[in-house]
Structures are given as C-alpha cells and as structure tokens.
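Commentary on secondary and tertiary structure
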Amino acid sequence: MPPRLTRSKSSKGSKSTKSDGDAPTSQITTKKSLETANDIHRVCVLPTGVSGDAEIIYMPHPATSAPAAFLFSPDNGKMHELTKVSAPRKAARSWLIARDDEGSADTEGTSSLQQGYVIEDADMLVATPFDPLFFLLSLVPACKSKDKSSFRLVDDYWEILSEQSPVLARLTRNVAFAKILLKRLEAMSDVQDIGDDKVYRPSQVGLARVLAKKACCMLGKDTWPISMDESLVKKELEIPMLQKQQQDVDEEMVDGRDTENEVNSINASKPKEPAQHQQLEPAVLDRMRLRKALDYLLFAYVPQSLRSDIEAVLQQDELRSTTDLLDPTILNDHLEKVKEAKSEAVALRALSDNISRKRGMDDEETTDARAEKKRKKDEEELKKKNESRALKNLKKVDTSGMKKMSSFFTKLPAKKEQPA
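Not measured: the values here are computed from a predicted model.

Definitions and limits used
- Residues numbered from 1 in each chain as written.
- Predicted model: local features only at pLDDT ≥ 70, side-chain atom pairs only at ≥ 80, totals over all residues.
- Heavy atoms only, no water.
- Helix = DSSP H or I, 4+ residues; strand = E, 2+ residues; numbered from the N terminus.
- Contact = heavy atoms within 4.5 Å.
- Areas by Shrake-Rupley, 256 points an atom, 1.4 Å probe, with all protein chains shown as cover.
- Core = buried A, V, L, I, M, F, W, Y, C linked by side-chain atoms within 4.5 Å.
- Buried < 20%, exposed > 50% of the residue type's maximum accessible area, 1.4 Å probe, protein only.
- Patch = residues over 30% accessible without salt bridge, like charges linked within 9 Å, V, L, I, M, F, W, Y side chains within 5 Å.
- Salt bridge = Lys/Arg side-chain N within 4 Å of Asp/Glu carboxyl O.
- Lys, Arg positive; Asp, Glu negative; His and termini not counted.
- Charge placed at Lys NZ, Arg CZ, Asp CG, Glu CD.
- Axes fitted to C-alpha atoms, helices over the stretch in contact; angles between N-to-C directions.
- Parallel < 35°, antiparallel > 145°, perpendicular 65-115°, else oblique.
- Left-handed = near helix turned anticlockwise from the far one by under 90°.
- Nonpolar A, V, L, I, M, F, W, Y, C, P; charged D, E, K, R; others polar.
- Phe/Tyr/Trp six-rings, centres within 6.5 Å; stacked < 30°, edge-to-face > 60°.
- Polar contact = N/O pair within 3.5 Å; in protein donor to acceptor, adjacent residues only side chain to side chain.

A few words now on the overall build of the protein. Per the secondary structure count, the protein includes 11 helices and 14 strands. Contacts in the protein between residues at least 24 apart in sequence constitute 70% of all its contacts with a sequence separation of at least 6. For the protein, the accessible area works out to roughly 30200 Å², and carbon and sulfur atoms hold 51% of it.

In structure tokens:
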C-alpha cells in the first residue's frame, strides 16, 4: 500500500512560505514502507530456458476470439499460453517480492523497488505450452469440399491469417515460428505434391485425428490428474448399489389395511449410496478419460461453430485407427447400465418415501390419541386436588341402604283406575 502521509493543521489565516533553508510550516511525516508495483510488475511462472528477448503478445483466442496473452520466444519460435490463476476473493492476499543479495549489505542509494516491493494483486500467470495449430482452425470451415481446387499453397494460407490478425502476420515472418506452423498445418491437412511445391487442404478428419492424439497423451500417469478421476470420471461410471433394508412394522399403524401387502411394500429394496471404492474395468475407465479429455480440448480451444462437426467426425470408424479407445461400444454399454440402475434407484426411493409418509400420518394419529388421553387424566387429577376437605369426608360416608337425592325428584308413577 502507498506510504501514509500525516499533515498537521495550520492555524487559521497563517500562510506557509517555503525557502531553500527553511522547512515548510506544514510538517509531513512519512512512514517507511515498501512501495507498490502493481502497474509495473506481475508474478509469472515461466518455463526453463526462456530467452531474454521473449515478449508477451495479445492475440484473439482460438475458441472465444477474445484477446488472450501469449509468451512468444523469437529465437526458437515456441509459444506459451499465459493462464491466470486467481486467489480466492474472500482471502486478502498479496505478493511480497524482495531481493536476496547476501553480499550487498549497503542499501543506501538504492530505491525501495530495488530493495523490495509489494504487489497487491495476488493473481499469478502460469505459462503453459501452446500448440500453434489452434491458430489454423479458422481455415478448416472454408475447406469442407474435397475437390482438388480447394488445395492451396502455404503462402495463401499465411495471407489469410495475416488478414485475420496483424500480430499473427508478424509472427509468420519469423523463420522458426513459420517452420513450426507449417508442420502443424501438414498434420491436419491433406497434402499433394505439385512439382517442387506442396499444396494443402485442411480437413476436419485431420483435425479430429490430431485432437485424438493429444487426448491420448493426456492420459499418461504423469499428465492425468487424480482429482479428475474422482470428480469427473468415476462419479459418472459408478453404479448405484441396491441394499435390502428390513423395517419394523407396527400392527397399530396398519389399521384397516392389507397387512401382508403393507409388510411386503415396506420390505422393498431401498437405494444405497455408491460405493467409494467400486471396482471399474480399466477399459471403461480409459475410454471415459479419453472422452473427458476430448471434451476439454473441444471446449477450451475449438470455436463453438466447429465443435459439433468435430464431435461427429470423432464418432466415425475412420478415426478408430488412431486408437482403440475411440470405440465407444464398451463405454456406452456401461453407461446404459448406470442409467438403468439410477432410474430403478429413483423409483425405489420414491416408493420408500411414500411408505414413510403413510407411516408418518399414522404416527400423528397415534400421537394425538395419546395426547388426548393424557389431557383427560391431567384434568381429573386437577379436580381431585381442588376438592375441599368436607367433600372428601363426605365421599368416605357409608351410603349403603340410603336413597339417593335424585330419587326424591323423580315423577311418581301414574295411579291405576279402580273399576266401578
């Protein structure tokens, strides 16, 4: 954060004058702190061997056409994508950058930026290798036809790219980058020889084959993250296990219903949570990993207008020669079993919920009856407590053989008329 300045208040009407030898009337006290360098410096993780003349360039991203940052090395023509890794917004973090010069103990005469500085923005840029082939994706939709007239020289394609991006036009004039870009064009194109020259026709099949090879490279032990297996792959492949759970049946809650049918319904199977260490076939796992890797490549680097076409090409038998993992038969069969098991689990869960709801209603009726019985009992006990002593003694009197008071207030029976 910038140095904090404290100013003393001057008296009203006084004027501050400044001379070469006199200090100003308004005294300024500066706290010593590290300077901020947000506009000058950024934390960036670079690969080893990056030359000093490497530069950061901004070009339209192949998937979104939004400006994106890339690290370009002119000496070898390699390109890296700068990915922004952001810190959690709720956590207030920053970078403290300081030099570690053990030999230079005297720091007088050096600016605070040379001694150390603070970067308030905790975001970090990570340079990852980028394939220039994705800059050529704009050439694929224009080359769907398979006639020979769609073949072009490499200079024609460079001219098309130059019209799309001035920065890419400058990069194609770099010899090292132009060689790399030409190799990537050959990898995704149909090539024909015309005398001493070669002509190229980018194709969707060639692009799909390159993407399939990239996805296969991502499946290695050193490149495929374990966290993706747990969150994306195994989560969709696990089959819900069904476990029969016996429940107690209260006869009082089955009033007026078919007891046998009720017991059979309650003893129905209930769904169980998927097992944490469910064993899955390696063939199914590998195919699901490949599918997730292809989905990532299509979403991250292929424009939306081209994704559906590439997904359709990846399902063709022509691509299965690249890898056996593109055969979706085993994976589709397993996913169908998972779908059936999940639908059965949902049906059983609904049945279990209905039974629990009925039992809950019966429980409410039983609870109400018990509450009413308890209320009457409490009222009787309260009446007994409120009785007077005379009334209690009167109840103890022996009244056997005595007429009740009510007998004196009954109507006399009608007299029978005597005959004359």
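Alright, that's what it looks like, and here's the rest.
This paragraph deals with the nonpolar core. Ranked by internal contacts, the top residues of the largest apolar core, which has 54 residues, are M79 and L211. The greatest single-element share of this core, amounting to 10 residues, is contributed by helix 8 (residues 282-301). Contacts of M79, omitting those with residues within four sequence positions, involve I57, F70, L71, F72, T128, P129, F130, F135, L171 and F177.

A few words on the environment of L294. Here L294 shows up in helix 8. Sequence spacing of L294 and C216 is 78 residues, and the spatial spacing of their C-alpha atoms is 9.0 Å. What L294 contacts, discounting residues up to four positions off in sequence, is L211, A212, A215, L314 and L326.

Moving on to the environment of K213. With respect to the helices, strands and loops of the structure, K213 is situated in helix 5 (residues 204-217). The exposure class assigned to K213 is partly exposed, which follows from its relative accessible area of 48%. Sequence spacing of K213 and T322 is 109 residues, and the spatial spacing of their C-alpha atoms is 7.3 Å.

Our next topic: unusual backbone geometry. With a phi close to 65°, S65 is a non-glycine residue in the positive phi region. Note that S65 resides in the loop between strand 5 (55-60) and strand 6 (67-72). For S65, a relative accessible area of 56% corresponds to the exposed category.

This part covers a negative patch on the surface. There is a patch of like negative charges on the surface, built from D155, D156, E159, E163, D196 and D197. With four residues, the single largest contributor to the negative patch is helix 2 (residues 154-164). Among the secondary structure elements, E163 is positioned in helix 2. You can call E163 exposed: its relative accessible area is 64%.

Moving on, we come to the packing of helix 5 against helix 8. One can describe the packing of helix 5 onto helix 8 by two numbers: an axis separation of 9 Å at closest approach and a directional angle of 120°. Comparing their axes, helix 8 and helix 5 come out oblique. Between helix 5 and helix 8 lies a crossing of right-handed hand. Two secondary-structure elements touch here, helix 5 through L211, A212, K214, A215 and C216 and helix 8 through L290, A293, L294, L297 and L298. Residues that form the contact of helix 5 with helix 8 fall into these classes: nine nonpolar, no polar and one charged.

Let us look at the packing of aromatic side chains. For the coordinates displayed, the defined rule picks out eight aromatic pairs. A ring pair is formed by F130 and F134, whose centres lie 6.0 Å apart and whose planes are at 50°; its orientation type is tilted. Considered together, F130 and F134 belong to a single accessibility category, that of buried residues. A network of ring pairs unites the aromatic residues F70, F130, F134, F135, Y296 and Y301 as a single cluster.

This part takes up the side chain of H61. If you trace the backbone, H61 turns up in the loop between strand 5 and strand 6. Within the structure, H61 has its side chain in polar contact with the side chain of E81 (distance 3.4 Å). Excluding residues within four positions of it along the chain, H61 makes contact with A66, A68, F70, E81, A300 and Y301.

Remember that the coordinates give geometry; whether it matters functionally is a separate question.
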